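Understanding the architecture of this molecule
One-letter residues, chain by chain:
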Amino acid sequence: MSEPKPPTPTPGDTYKGWLFKWTNYIKGYQRRWFVLSNGLLSYYRTQAEMGHTCRGTINLATANIAVEDSCNFVISNGGAQTYHLKASSEVERQRWITALELAKAKAVHMQAESDDSGDECPAVPPSSGQGGGCRNLEIQSTLRTLGSKVEDLNTCNDLIVKHGSALQRSLSELEALRVSGDMGDKMKQVTERATLFRITSNAMINACRDFLSLAQSHSKRWQKALHSERDQRIRLEETLEQLAKQHNHLERAFRGATVLPSSFSNPALGNKGGVSGKGDASDEDDDNEFFDAMEDPAEFITVPADPKYHRRSGSNVSGFSCETGMDDQSVNFDELSLASNPESPQPLELEPVKQRRTRIPDKPNYYLNLWSIMKNCIGKELSKIPMPVNFNEPLSMLQRLSEDLEYYELLDKAAKCQSSLEQMCYVAAFTVSSYSTTVHRTGKPFNPLLGETFELDRLKDCGYRSLCEQVSHHPPAAAHHALSEKGWTLRQEITLASKFRGKYLSIMPLGSIQCLFDKSENHYSWKKVTTTVHNIIVGKLWIDQSGEIDVVNHKTGDRCHLKFAPYSYFSRDVPRKVTGVVTDKDGKAHYVLSGTWDEKMEFSRIMQSSKGENGTEGKQRTVYQTLKAKEIWKKNPLPEGAENMYFFSSLALTLNEPEDGVAPTDSRRRPDQRMMEEGRWDEANAEKQRLEEKQRIVRREREREAVKAASTPEEGAHPDNYQAMWFEKLDDPASGETLHVYKGGYWEAKEQGSWDACPEIF
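For clarity, every value in this text was computed on a predicted model and none was experimentally measured.

**Observations regarding unusual backbone geometry**
Backbone geometry places Glu 521, a non-glycine residue, at a positive phi of 60°. Relative to the assigned elements, Glu 521 resides in the loop between strand E16 (513-517) and strand E17 (523-526). Residue Glu 521 is classed as exposed on the basis of its relative accessible area of 59%. With a phi angle near 60°, Phe 647 is a residue other than glycine that sits in the positive phi range. Relative to the helices and strands, Phe 647 resides in the loop between strand E25 (630-634) and helix H11 (650-655). A relative accessible area of 28% places Phe 647 in the partly exposed class.

Laid out in structure tokens, this is it:
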């Protein structure tokens, strides 16, 4: 050919050359200068027009390339633009086709990448202070370039396979020829196809060379950046370790700096800082409370007391004019009494303690469409919703109530206290400890059947016995009674009110808990706080406790006001924080308690109090000077593998262990609960439905009998003449409440093995 051959097309390079373009039927094909660059094919009348006049441009990302014959091909983007082009030879046409296909593949890849990450990069270049952003943009740009080179290699590979196959066919046909007249045409065809294969191979080689060169040029830079990032990470880890040590040192130095609830001085005031354990705060405001409660200014704070208080007795400092929280006993004696309170030596046990189980079958992993069940339950009472056992844990609510006794040692120590204020600290710690088992327990306990019981006989192990009974079904209510040889009695009646609000579940325990000590005749009572289960539909379930508790000694008038701070994303306080203050009947503060309901509690003796400066909202804060905080309760570690056993504690693992001699109504004998523990969930669901339907039939029969027995039943009344088996409803003169109290007879019936009076509920 008279003109020099254009260079072999290389992926990513600009490709130029002359082609004939169809104009109209009068002028036919006209010679035009075509330029292929950045996925765009443009043409000009002459090369001189490239600087000022472009006659047309087509985007190859959306274009279709079709070959008509040996020299002609068509480029169209769907009808709006169509170029009918003709090359001077088949080899020239193939060079253009190769370049066009490479450019199209690159344009399509770049367009898809731009659609996926178009919003990730800023439209303006980053400032000098955004070195990390510039580096990220550079890396992204390099990765896109390397990605486009890989796409070019893939395209070249496809073309090599295509032209290699065609060349192989031509060679096979050439070998099969026997007529010498056709030899010339076949040789020409083989020569052209060999040329096409060489062109495509050269393009592949050039693309590989470009990719290798680009990768080598960035390899050293990336290695340097990697070493820099590693060094920076090591420096950050060292800095964090130093900060952690400093934080730990400061925390030990200022252990007493505790934020106390603003409503301490008058517990009957409003519950601005969370949902009260007693109140009827609206669930609709829960979200606001969770985020706003911790923003209230602190009205009470504590600071370490002057060291002189550690060396002087109470009589030596009683002459200070400012208010002090001291009693008649000396400071040192009182501190040691509360901190240690050692147990008296126990006689050796002649009878070996029963070995209890330490494992249950692992929880199976069954899939369940949660939303298909929950979408029809919004706004309903949880106890009235039929739930599959997939949401449960293999324990009943009666057994969960018995778990409150896991830290019974606190009550044993409280029974030995000489001071009612000391005793109050232990009772308050016991109140908080009952929530420690709930932090990971997202499973719902089985609703007990009416008349169901659960005994926890730890007389030989721990010195106490416990009995629970379901005394009402609608509303569900359970009565609990525990008696210890160490001189205390615990009784409670809990009714659960729960509402499902779509994104969270609120559980409001109603009723009171009472603790009586034989030696001092002190009578304590308190209520439980609200439990909230978050992320019911989407996300990982997590549990929070929030509200306020007033532990009241009805004999002396002492009071402990505890506040369970609701979780707040914006709070700098430790999560699950609990704070409290112990006061006497005159409102004088004596002890401060602080800690978390899932880990531990500490107490501090108040040595002096004074009025501090005003807070952010003009409220005057009281500053308590306290002695060094000491631990009063710490959570027991979970057993090994607890995450596969419903996060049960060591005590919870033993609650459903089969035992001989228990009542036929005991939760251990409940078949659906037993099947779930053994992993037979389908059978457990069927059995659960059978038991619930049996209970409905018994309830309807009891209501019919009650209506017949009533001479003039009220219209719309809901009669229920059920009488509890082991409990009776009495008025408590100390607290002024009416609750179910244990009337006796259970343990005697167990010794005699006489359960004839027990109803058949399973």
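That was the structure; now back to the text.
**So, helix H10 (residues 420-433)**
With 14 residues, H10 ought to run about 20 Å at 1.5 Å a step, and its terminal C-alpha atoms sit 20 Å apart, in line with that. Where burial is concerned, most of H10 is hidden: 14 out of the 14 residues are buried. At the N-terminal boundary of H10, the capping side chain belongs to Ser 419, with an oxygen 3.2 Å from the backbone nitrogen of Leu 421.

**Regarding the pattern of salt bridges**
A side chain of one charge can pair with a side chain of the opposite charge when the charged atoms of the two come close. For the structure on display, the rule yields 34 salt bridges. Between Glu 403 and Arg 441 there is a salt bridge, and its shortest N-O distance comes to 2.7 Å. Of this pair, Glu 403 sits in the loop between helix H8 (397-402) and helix H9 (409-416) while Arg 441 sits in the loop between H10 and strand E10 (444-446), placing them 38 residues apart in sequence. Residue Glu 403 shares its accessibility class with Arg 441, and that shared class is buried. Glu 455 is paired through a salt bridge with Lys 750; the nearest N and O atoms lie 2.5 Å apart. Of the two residues, Glu 455 sits in strand E11 (residues 453-458) while Lys 750 sits in helix H14 (residues 746-752), which places them 295 residues apart along the sequence. Its relative accessible area of 0% is what places Glu 455 among the buried residues. Taking the relative accessible area as the measure of exposure, Lys 750 reaches 22% and is therefore partly exposed. Within the structure, one salt-bridge network assembled from shared partners comprises Arg 356, Asp 461, Glu 659, Asp 666 and Arg 668.

**Regarding the packing of aromatic side chains**
Using the criterion set out here, one finds 19 aromatic pairs in the structure. Between Trp 542 and Tyr 567, the ring centres sit 5.4 Å apart and the planes meet at 75°, which makes this aromatic pair edge-to-face. Residue Trp 542 is found in strand E19 (residues 542-553), and its partner Tyr 567 is found in the loop between strand E20 (559-564) and strand E21 (577-583); the two are separated by 25 residues along the sequence. Following the ring pairs from residue to residue traces out a cluster consisting of Trp 726, Tyr 746, Trp 747 and Trp 755. Over the aromatic face of Tyr 29 sits the side chain of Lys 86, whose NZ or CZ is 4.6 Å from the ring centroid. When the ring centre of Tyr 435 is taken as reference, the NZ or CZ atom of Lys 528 above it lies at 5.2 Å.

**Re the packing of H9 against H10**
Where H9 contacts H10, the two axes come as close as 8 Å, and the packing angle between them is 170°. Relative to H10, the element H9 lies roughly antiparallel. Touching Leu 410, Leu 411, Lys 413, Ala 414 and Ala 415 of H9 are Gln 423, Tyr 426, Val 427, Ala 429, Phe 430 and Ser 433, all from H10. When grouped by side-chain class, the residues that make up the contact of H9 with H10 number 8 nonpolar, 2 polar and 1 charged.

Conventions adopted
- Residues numbered from 1 in each chain as written.
- Predicted model: local features only at pLDDT ≥ 70, side-chain atom pairs only at ≥ 80, totals over all residues.
- Heavy atoms only, no water.
- Helix = DSSP H or I, 4+ residues; strand = E, 2+ residues; numbered from the N terminus.
- Buried < 20%, exposed > 50% of the residue type's maximum accessible area, 1.4 Å probe, protein only.
- Expected span 1.5 Å × (residues − 1).
- Polar contact = N/O pair within 3.5 Å; in protein donor to acceptor, adjacent residues only side chain to side chain.
- Salt bridge = Lys/Arg side-chain N within 4 Å of Asp/Glu carboxyl O.
- Phe/Tyr/Trp six-rings, centres within 6.5 Å; stacked < 30°, edge-to-face > 60°.
- Lys NZ or Arg CZ within 6 Å of the ring centre and 35° of its normal.
- Axes fitted to C-alpha atoms, helices over the stretch in contact; angles between N-to-C directions.
- Parallel < 35°, antiparallel > 145°, perpendicular 65-115°, else oblique.
- Contact = heavy atoms within 4.5 Å.
- Nonpolar A, V, L, I, M, F, W, Y, C, P; charged D, E, K, R; others polar.

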